[in-house]
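So you can see what is in the structure, the chains are spelled out below.
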Amino acid sequence: MASQSDPVDSGQEQVIEMVRRSQDAVLTAIRTWSDSVVRLVPDFSSVPVSEQYFKPREAVDTAFAFAEQLLSTQRQFLHDVLSAIMPVVEAAGERPTPDTKTTSSAKT
């Protein structure tokens with residue numbers, strides 16, 4: 001028997017696959033552009049400031065590290081919210097719903 005999460009998992013896998021395909025297409029286009037333009041770029045290797053202040057990989061890593069921390073913080077916050085409301089959810093599950101009261105009183 002299929003679990004209830006199978007359609008969700010399948011949908012998530014499809015989204016991830018579409019994102020990867022899109023990324024591959026964009027990366028191919030960027031590489032093609034880069035291969036064409038690289039011959040036109042002047043040589044900045046003699047400028048010591050460029051490498052000292054601009055480190056693209058470091059900038060990407062820093063941005064994603066921040067995003068990971070932010071996402072982790074949000075995940076923990078939502079877990080805390082769920083923990084805070086669970087007593088209400090559990091108590092509501094133990095009580096009869098308004099429909100149950102109406103049905104049981106109509107039978108008596």
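Residues numbered from 1 in each chain as written. Predicted model: local features only at pLDDT ≥ 70, side-chain atom pairs only at ≥ 80, totals over all residues. Heavy atoms only, no water.

Caption draft 1: Region of interest: the overall build of the chain. For the chain, the count of helices and strands is four helices and zero strands. Secondary structure elements of the chain occur, N-terminal to C-terminal, as α-α-α-α. Scored against the burial criterion, the 108 residues of the chain give a buried share of 0%. Within the structure as shown, the chain displays about 10300 Å² of accessible surface, and the carbon and sulfur contribution to it stands at 62%. (Helix = DSSP H or I, 4+ residues; strand = E, 2+ residues; numbered from the N terminus. Buried < 20%, exposed > 50% of the residue type's maximum accessible area, 1.4 Å probe, protein only. Areas by Shrake-Rupley, 256 points an atom, 1.4 Å probe, with all protein chains shown as cover.)

Caption draft 2: Representation of helix H3 (residues 56-94) in the model. With 39 residues, H3 should reach 57 Å at 1.5 Å per residue; the first-to-last C-alpha distance of 56 Å fits that figure. The sharpest bend along H3 comes to roughly 45°, located at Ile 85, with the proline Pro 87 sitting one to four residues further on. (Expected span 1.5 Å × (residues − 1). Bend = angle between axes of the 7 residues up to and from the residue.)

Caption draft 3: Region of the structure containing the pattern of salt bridges. Taken as a whole and judged by the stated rule, the model has one salt bridge. The shortest N-O distance in the salt bridge between Arg 21 and Glu 17 comes to 3.1 Å. With Arg 21 and Glu 17 both in helix H1 (residues 6-37) and four residues apart, this pair spans about one turn of that helix. Given a relative accessible area of 59%, Arg 21 falls into the exposed group. (Salt bridge = Lys/Arg side-chain N within 4 Å of Asp/Glu carboxyl O.)

Caption draft 4: Representation of a nonpolar patch on the surface within the structure. Taken together, the side chains of Phe 77, Leu 78, Val 81, Leu 82, Ile 85, Met 86 and Val 89 make up a nonpolar region of the molecular surface, amounting to roughly 590 Å² of accessible area. One can find Met 86 in helix H3. According to the relative accessible area criterion, Met 86 is partly exposed, its value standing at 33%. (Patch = residues over 30% accessible without salt bridge, like charges linked within 9 Å, V, L, I, M, F, W, Y side chains within 5 Å.)

Caption draft 5: Layout of the environment of Arg 39. Counting through the fold element by element, Arg 39 comes out in the loop between H1 and helix H2 (48-53). Its relative accessible area of 66% is what places Arg 39 among the exposed residues. A polar contact is formed between the side chain of Arg 39 and the backbone oxygen of Asp 35, at a distance of 3.4 Å. (Polar contact = N/O pair within 3.5 Å; in protein donor to acceptor, adjacent residues only side chain to side chain.)

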